[in-house]
Amino acid sequence: MSDIIERINANRLWQFPGGIHPAEMKSQSNQKKIGRITYGEQRGERFYIPLKQHVGEAAELLVNVGDKVLKGQALTHSQNFSKLPVHAPTSGKIIDIGNYPANHPSGLSEPILVLEADGADQWRDRTLADDFMSFSTEQLLTRIYQAGIAGLGGAVFPSANKIRHVTSGIKLLIINGAECEPYITCDDRLMQDYTAEMLEGIRILRYLTRPEKVIFAIEDNKPAAIQAVKHALQGANDIDLRVIPTIYPSGASKQLIQVLTGLEVPKNARSSSLGILMHNVGTAFAIKRAVLDDEPLIERVVTLTGDKIPQPRNYWVRFGTPIAALLKQVNYQSDSRLPIFVGGPMMGYILPNPQAPVTKMTNCLIAPDHFEYAPPPPEQSCIRCSSCSDACPVQLMPQQLYWFARSEDHEKSEQYDLSSCIECGVCAYVCPSNIPLIQYFRQEKAKIAEIKHKERLAEEAKVRFEQREARLLKEKQQRELRAQQAAEKRRQEIAQQKGQDPVKAALERLKAKKAAQADSETQNHPTPQPMITDNGEVVPDNRALIAQRKALRLAREQAQQTKSESAVGEQHSSPKNDAKNDANSDKKSNEAQPKSAAVAAAIARAKAKKAATQSLSPTSNSEENKPSAVSESDDPRKVAVAAAIARAKAKKAATPSLSPTSNSEENKPSAVSESDDPRKAAVAAAIARAKAKKAATPSLSTTSNNKENKPSAVSESDDPRKAAVAAAIARAKAKKAAQQNSAISNIEKL
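Computed from a prediction, not measured in an experiment: that's the story for all the values here.

Participant: I tried to follow the overall build of the protein chain on my own but got confused; where do I start?
Facilitator: Looking only at helices and strands, one finds 27 helices and 18 strands in the protein chain. Classification of the 750 residues of the protein chain by burial places 38% in the buried group. Across the protein chain, contacts joining residues at least 24 apart in sequence account for 74% of those joining residues at least 6 apart. By element, 52% of the accessible surface of the protein chain is carried by carbon and sulfur atoms, the whole surface being about 42200 Å².

Participant: Can you help me understand the sheet that holds strand S14 (residues 341–342) in this one?
Facilitator: Paired through backbone hydrogen bonds, the strands of a sheet run either parallel or antiparallel to each other. Spatial ordering of the open sheet is given by S1-S13-S12-S16-S14-S15, a layout of six strands whose pairing is mixed. The two strands at the open ends of the sheet, each matched to only one other strand, are strand S1 (35–36) and strand S15 (349–350). Taken together, the six bridges between strand S12 (residues 299–305) and strand S13 (residues 313–318) define a ladder with antiparallel strand orientation. Looking at the pairing, Arg300 lines up with Val317 of S13. With respect to the sheet, helix H4 (residues 186–193) is in contact with S12 and S13, its orientation differing from that of S12 by roughly 120 degrees.

Participant: I'm lost on the pairing of strand S8 (residues 172–177) in this one. Help?
Facilitator: Look at any regular strand and the pattern is simple: side chains alternate between the two faces of the sheet. For S8, the tally of buried residues reaches six of six residues, placing the bulk of the element in the interior. Burial along S8 is two-sided: the residues Leu172, Ile174 and Asn176 and Leu173, Ile175 and Gly177 are all buried. Relative to strand S9 (residues 213–219), S8 runs parallel, the two sharing six bridges. Residue pairing across strands places Leu173 opposite Val214, the latter belonging to S9. Where S8 lies against strand S11 (residues 276–280), five bridges are found, and the strand directions are parallel. The residue of S11 that forms the bridge with Ile174 is Met278.

Participant: Quick question: what am I supposed to make of unusual backbone geometry here?
Facilitator: Most peptide bonds take the trans form, and the phi angle of most residues other than glycine is negative. Along the chain, Tyr248 connects to Pro249 via a cis peptide bond; the corresponding omega equals 5 degrees. Along the chain, Pro249 falls in the loop between strand S10 (240–244) and helix H7 (253–261). Phi at Asp121 takes a positive value of approximately 50 degrees, unusual for a residue other than glycine. Note on placement: Asp121 falls in the loop between strand S7 (109–117) and helix H2 (137–146). Among the residues examined, Asp121 registers a relative accessible area of 22% and is labelled partly exposed. Located in the positive-phi region is Asp417, a residue other than glycine, with phi close to 65 degrees. Inspection of the secondary structure assignment puts Asp417 in the loop between helix H12 (410–415) and helix H13 (426–430).

Participant: What is the right way to look at the environment of Ser168 in this model?
Facilitator: Along the chain, Ser168 turns up in the loop between helix H3 (159–164) and S8. On the basis of relative accessibility, which here comes to 74%, the residue Ser168 falls in the exposed class. On a C-alpha basis, the gap between Ser168 and Pro211 in space is 9.4 Å, while along the polypeptide they are 43 residues apart.

Participant: In this structure, what is going on with the sheet that holds strand S2 (residues 46–50)? I would like to understand it.
Facilitator: Across the sheet, which stays open at both edges, the four strands sit in the order S2-S7-S6-S4 with antiparallel pairing between neighbours. Lying at the two open borders of the sheet, with one neighbouring strand each, are S2 and strand S4 (68–69). In terms of strand pairing, S4 meets strand S6 (residues 92–101) through two bridges, oriented antiparallel. Within S6, the position partnered with Val69 by the bridge is Gly92.

Participant: Looking at this structure, I do not really get the packing of H2 against helix H8 (residues 281–292). What am I missing?
Facilitator: What describes two packed helices is the angle between their axes and the distance between those same axes. Two numbers describe how H2 lies on H8: the axes approach to 9 Å, and their chain directions differ by 110 degrees. It follows from the interaxial angle that H2 and H8 lie roughly perpendicular. Every pair of crossing elements has a handedness; the one defined by H2 and H8 is right-handed. Residues Leu140, Arg143 and Ile144 of H2 form the contact with H8, whose participating residues are Ile287, Ala290 and Val291. In terms of residue class, the contact of H2 with H8 is built from five nonpolar, no polar and one charged.

Participant: So what exactly am I meant to see when it comes to the environment of Asp3 here?
Facilitator: Position of Asp3 relative to the elements: it lies in helix H1 (residues 2–9). For Asp3, the side chain forms a polar contact with the side chain of Arg7, separated by 2.8 Å.

Participant: Is there a simple way to think about the nonpolar core in this case?
Facilitator: Buried together is how nonpolar side chains tend to be arranged in soluble globular proteins. Formed by 78 residues in total, the largest nonpolar core has its most connected members in Phe216 and Val291. Those residues within four positions of Val291 in sequence are excluded, and the remaining contacts are Ala129, Phe132, Phe135, Leu140, Arg143, Ile144 and Ile204. Residues Phe16, Ile244, Ile257 and Leu274 belong to the second largest nonpolar core, which totals 19 residues.

Participant: Looking at this structure, I do not really get the pattern of salt bridges. What am I missing?
Facilitator: Note that side chains of opposite charge can pair when their charged atoms are close. One pass over the structure, following the stated rule, counts 28 salt bridges. Across the pair Arg46 and Glu116 runs a salt bridge whose closest N-O atoms are separated by 3.7 Å. A residue pair is termed long-range when its members are at least 10 positions apart, and Arg46 in strand S2 and Glu116 in strand S7 qualify at 70 residues. Residues Glu295 and Arg289 are paired through a salt bridge, measuring 3.4 Å at the closest nitrogen-oxygen approach. The pair Glu295 / Arg289 is uniform in exposure class, with both members buried.

Participant: Would you mind going over the side chain of Asn314 with me for this structure?
Facilitator: Counting through the fold element by element, Asn314 comes out in strand S13. In this structure Asn314 comes out as buried when scored by relative accessible area, which is 0%. Within the structure, Asn314 has its side chain in polar contact with the backbone oxygen of Ser29 (distance 3.1 Å). Within the structure, Asn314 has its side chain in polar contact with the side chain of Thr303 (distance 2.5 Å). The contacts of Asn314, once residues within four sequence positions are left out, are Ser29, Lys33, Ile34, Gly35, Thr185, Cys186, Arg189, Val301, Val302 and Thr303.

Participant: Explanation requested: H8 in the structure shown.
Facilitator: For an α-helix the count is 3.6 residues per turn, leaving residues at separations of three or four pointing the same way. The terminal C-alpha atoms of H8 lie 17 Å apart, and with 12 residues this matches the ideal 16 Å at 1.5 Å per residue to within 8%. With respect to burial, H8 is a largely interior element, 12 of its 12 residues being buried. Of the residues making up H8, those classed as buried are Val281, Gly282, Thr283, Ala284, Phe285, Ala286, Ile287, Lys288, Arg289, Ala290, Val291 and Leu292. Sitting at the head of H8, Asn280 places a side-chain oxygen 2.7 Å from the backbone nitrogen of Gly282.

Participant: Any chance you could explain the confidence of the model for the protein chain here in plain terms?
Facilitator: In this model, the protein chain carries a mean pLDDT of 82, and residues with pLDDT of at least 70 account for 76%. Taken as a whole, residues 698–718 scores under 50 in pLDDT and shows 13 contacts with residues more than four places along the chain or in a different chain.

Here is what the cut-offs are and how they apply
- Residues numbered from 1 in each chain as written.
- Predicted model: local features only at pLDDT ≥ 70, side-chain atom pairs only at ≥ 80, totals over all residues.
- Heavy atoms only, no water.
- Helix = DSSP H or I, 4+ residues; strand = E, 2+ residues; numbered from the N terminus.
- Buried < 20%, exposed > 50% of the residue type's maximum accessible area, 1.4 Å probe, protein only.
- Contact = heavy atoms within 4.5 Å.
- Areas by Shrake-Rupley, 256 points an atom, 1.4 Å probe, with all protein chains shown as cover.
- Pairing = 2+ DSSP bridges.
- Axes fitted to C-alpha atoms, helices over the stretch in contact; angles between N-to-C directions.
- Parallel < 35°, antiparallel > 145°, perpendicular 65-115°, else oblique.
- Left-handed = near helix turned anticlockwise from the far one by under 90°.
- Nonpolar A, V, L, I, M, F, W, Y, C, P; charged D, E, K, R; others polar.
- Polar contact = N/O pair within 3.5 Å; in protein donor to acceptor, adjacent residues only side chain to side chain.
- Core = buried A, V, L, I, M, F, W, Y, C linked by side-chain atoms within 4.5 Å.
- Salt bridge = Lys/Arg side-chain N within 4 Å of Asp/Glu carboxyl O.
- Expected span 1.5 Å × (residues − 1).
- pLDDT = per-residue confidence, 0-100.

Given below as structure tokens:
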């Protein structure tokens, strides 16, 4: 490292290989001081602010559509120094956040904030500082980062992140004022017009990086800038000015280091690996404004040149200004036949959409006329003249890279070190076949970057898969370990219980409980035993089940009989209005005639059924006298018939006689059986009605005289209410007899 300082102190300059001397074309725009574009000072003018204007990822949004912002207010933020914030170039209102044309050779769209100016151009609150040495290193880095400062020499690398890695000290700090590309004069005029502020920014960088030596390099084709810097450095010994020869591309980082030190930066390495840090003069000026004036990076000097611009000059232009509006302010006359170049003629590109905005990397706009610009001549075959290889400042073999790029041999392109190409355009400039080599190299780099991106995603997916597999294996091992621990615990419990397995014991207890429940169910509901019929057929013995069902049915019938008798008793005992019944007795007797006939018919039918029941009694008695025969047959149907007959007899014995008349009728079953004829039943019903009417007509005196001697007759014929009660009782008995008759018929069918 000490060799670098020795080389610098030797006041010697070296030369890098290759290089060219194109026409400078700088005098068009470097004759006047830096002007200012007034776009944004009028109400309603719109700025299109890209969210990403640096190398890296965009920061997170801080504002929404409809928010009002002040000049210099941060629109995005992040805690990562590699994600630079962007700021409002004026005060106004956010009217949209969406995709708009990008300032890029592809012409694609990118996320952009649209800010409509309110005309006030009001700054946010700022904190000014008089001395940068009153801040700590971290405070200075924070101010530089929050100001959104990136390298303004073309690389747009985040400056705070670049400085942070070398705050422990470096050997050499180089300030790049070479500005080697034709047409571009923004740094030249900045060094002339803002020399003191620029040098103050260099001293802030020196305070942050603590280098052993600070070198300010300027090409010899900028005499006015050299004189201005020398004048400002009179009496100072902290910055050394070095004037270097004009050759393109001496302003490139690695080539300038080689010119000043004679050392080459290793492949795929940065200059910091040699203890060297380089910054552009525009970056140093922006750092001074950020630290001492608390102004974020919202504008830069842009060179507007070319014969189509009436007065070529350098201007302060705010970021987000549409390029079409910018050119209109300098009286540019649009011509669709002539392109607009962003950057210089060597490393710049044709702007695909003039509505694209000015960004941090826009240092020059060239609007040539037909004398300066001609359509590119047709591409011809490579003649392998090696002119491109001879002029390449990085000592590559552009002709070989060209063939690899055309055949998409990405592996060969990487072997021939395509990544080291600085895209300076020297090879295309000297090519006699007019091959746009830089375009091929850029496309090949983009394809290789896409392939590497996919490979990186695949590798990340592989890592995630392997991590998942490892996690699943670990979980499986943990489950197996838990199972082993449980088995070991179980063995210990068995050993403590003298060899008895607790799980097996629990299962045996459960089986014993289920067996006890099954035995209790068997006792409560015994399983029917098989029996053999007279025909030799084996059938289940359901006699106990049949007897149980019959007992339940008899209980239900007995409950129904009790209910009907209680209903009749209530009807008999309920009080009536005697006067009202006496007044309407004749009318009721006339209306009761058809009812009386129905009662008589029901009585007749009941007597017939009763006679039929009595006719079965000898058979039942004989069946009772021969129990051995029934038992021998063991026919369940016969058993059921016998049981039904027994129930019928019991019911008959329990039924009381209603009157002597009914008793006498019961003693004559043959007469009842003869009355099964409907016609005879109708005659009997008519006779019964006549008798009932006759019984109701006797005088009250006769009834009262005979009341004491014949209580039964008086009770039946004297009172109409009693007659009605008797009729109801007769209907109930008839209904009961009908039920018995139906039960007997069902039994006979069985």
